[in-house]
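# Coordinates in review
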Amino acid sequence: MIQFDSAVLPSAAQHDAIRVFLNADHPDFEIFYLAQSDPTARMAEDVISGLQHSPKRLPSAYLYDCQGSLIYEQITQLPEYYQTRTESALLRQIAPDLSFRSGAVEIIELGSGSSEKTRILLDAWKKQEMAVTYIPIDVSPQMLADTASRLIRDYPMLRVLGLVGRYEEALAVLPESPNRLILFLGGSIGNFTPEEQTAFLSRLKALSMPGTRLLLGFDYQPHAGKPVEVILQAYNDQAGVTASFNRNILTHINNRLNADFDLSAWEHQAIYNPQQHQIEMTLISRCAQTIQVLGQPCQFASGERILTEISRRYEPAAFARWFETQGWRCLESWSDARRYYGLMLLEMV
């Protein structure tokens, strides 16, 4: 395994090194940092700008430092968090047919985490004895390295190219591939505002070839068989794991930006906004307080909120029609019997 700092290359060198790796015949893995600018400076700009906004907000990407990624994996095991269990069951249902139809393939995963659900798909390719190049994209280098080493051990037909950075940075350094499947699981599409979602699909299309497929996980809006309380419980679990995950964004800021957030002064709350069809995860100041971030003061009134994440819900037919307006044709969709959660397979036209 390479050392992380040795994989930080100028843009042209990154392109060349990645192309060499992808053209190699032997199974292997490598990890590349893709930040084109100082990530701490960018984080400082994002955080200070967000805390000057009205209402205050923080980019949800900063929930996922190394500790945040580990806490999120705990969330996926909670009894209240139906999304992961349901999505995994759907993946087991579709994996054999998907692997048979796809053959040898390049799989890119946006926000890969531990890649546990991806193993369901890789198991199906393994049974078909098909070669797979797996390209996980995540912001946690340690998570990527640990995951890649385990995957290489368990799947002899696999090559893993881990890319540390944001989605558009990673997609931009990859050469074109005629048989590419992009995974965007876990309902992560819901973390975008409508404007961000449109911009994301536009960038994704610009960096992809016609025929590129996108396997997308999404959460259903409340309906007669899915009361809103089911969604709320998934973000307000009794064990308080999601609360710890939410507060960890403050720890991340403290560690990276020399801030002085006192975690005990912040209360976790997640509410459902029926007008926007979205969960809004917030941190509420328990008192009037002034926080220093890189020496800059930021004042909070008692009860003032910071929005740390949204998670939107969708109606599948309308969602598929929207994708068509963005240049993606819906090939197939699946849901569980209760219609809690769905998968959609799209193709770029």
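What counts, and where the lines are drawn
- The numbers attached to residues start from 1 for each chain and follow its sequence in the written order.
- In keeping with the model being predicted, local features are shown solely for residues with a pLDDT of at least 70 and side-chain atom pairs are shown and tallied solely at 80 or more, while totals for entire chains, interfaces and linings include all residues.
- To obtain the side-chain values, all non-hydrogen atoms of the structure were included, while hydrogens and water were left out.
- Strands are runs of DSSP state E lasting at least two residues, helices are runs of H or I lasting at least four, and both sets are numbered from the N terminus onward.
- Here the radius of gyration uses the C-alpha set of atoms, whereas the globule reference equals 2.2 Å times the residue count to the power 0.38.
- For every residue, the accessible area (1.4 Å probe, protein chains only) is compared with the maximum for its type, and the residue is labelled buried under 20%, exposed over 50%, or partly exposed between those bounds.
- Whether two residues are in contact is decided by their heavy atoms, any of which lying within 4.5 Å being enough.
- All accessible-area figures derive from a Shrake-Rupley calculation using a 1.4 Å probe, and residue coverage is judged against the displayed protein chains alone.
- Asp and Glu count as negative and Lys and Arg as positive, but His and the ends of the chain are not part of the count.
- To locate a charge, take NZ of a lysine, CZ of an arginine, CG of an aspartate or CD of a glutamate.
- Note on definitions: salt bridges are taken to be side-chain nitrogens of Lys or Arg within 4 Å of carboxyl oxygens of Asp or Glu.
- We call two N or O atoms a polar contact when they sit within 3.5 Å, provided that within protein one can donate a hydrogen and the other can accept it, with sequence-adjacent residues counted only if both atoms are side-chain atoms.

## Some points on the overall build of the chain
Across its full length, the chain carries 11 helices and 14 strands. Radius of gyration (C-alpha) of the chain: 20 Å, near the 20 Å computed for a compact globule of 349 residues. Judged by the C-alpha coordinates and their principal axes, the chain covers about 60 × 50 × 35 Å. Evaluated residue by residue, the chain yields a buried proportion of 53% over its 349 residues. A separation threshold of at least 6 residues defines the contact pool for the chain, and within that pool the share at least 24 residues apart is 75%. Summing over all exposed atoms, the chain offers an accessible surface of approximately 15200 Å²; the carbon and sulfur share of this is 51%. Of the side chains in the chain, 30 bear a positive and 40 a negative charge, and the two mean positions are spaced by 4 Å.

## Some words on the pattern of salt bridges
One pass over the structure, following the stated rule, counts 14 salt bridges. As a salt-bridge pair, Arg-119 and Asp-154 come within 2.9 Å of each other at their nearest N and O atoms. Taken together, the residues span a long stretch of sequence, with Arg-119 in helix α5 (residues 118-127) and Asp-154 in helix α6 (residues 141-154) at a distance of 35 residues. You can call Arg-119 buried: its relative accessible area is 16%. Exposure remark for Asp-154: the relative accessible area of 24% places this residue in the partly exposed category. In this structure, the salt-bridge partner of Asp-219 is Lys-226, at a minimum N-O distance of 2.8 Å. Exposure class is identical for Asp-219 and Lys-226. Each is buried.

## Focus on the side chain of Glu-280
Looking at the element boundaries, Glu-280 is found in strand β9 (residues 278-285). The side chain of Glu-280 is buried and forms no salt bridge, while Arg-305, the nearest opposite charge, is found at 7.4 Å. Polar side-chain contacts of Glu-280 include one of 2.9 Å to the side chain of Gln-278. Setting aside its immediate chain neighbours within four residues, Glu-280 contacts Gln-269, Ala-270, Ile-271, Asn-273, Leu-307, Glu-309 and Ile-310.

## Looking at the side chain of Lys-226
Relative to the helices and strands, Lys-226 resides in the loop between β7 (213-219) and α9 (228-235). Only 2.8 Å separates the side chain of Lys-226 from the side chain of Asp-219, close enough to count as a polar contact. Looking at Lys-226, its side chain comes within polar contact range of the main-chain oxygen of Tyr-340, at 2.9 Å. Here Lys-226 is in contact with Tyr-82, Asp-219, Tyr-220, Gln-221, Ile-231, Arg-339 and Tyr-340, once residues within four sequence places are set aside.

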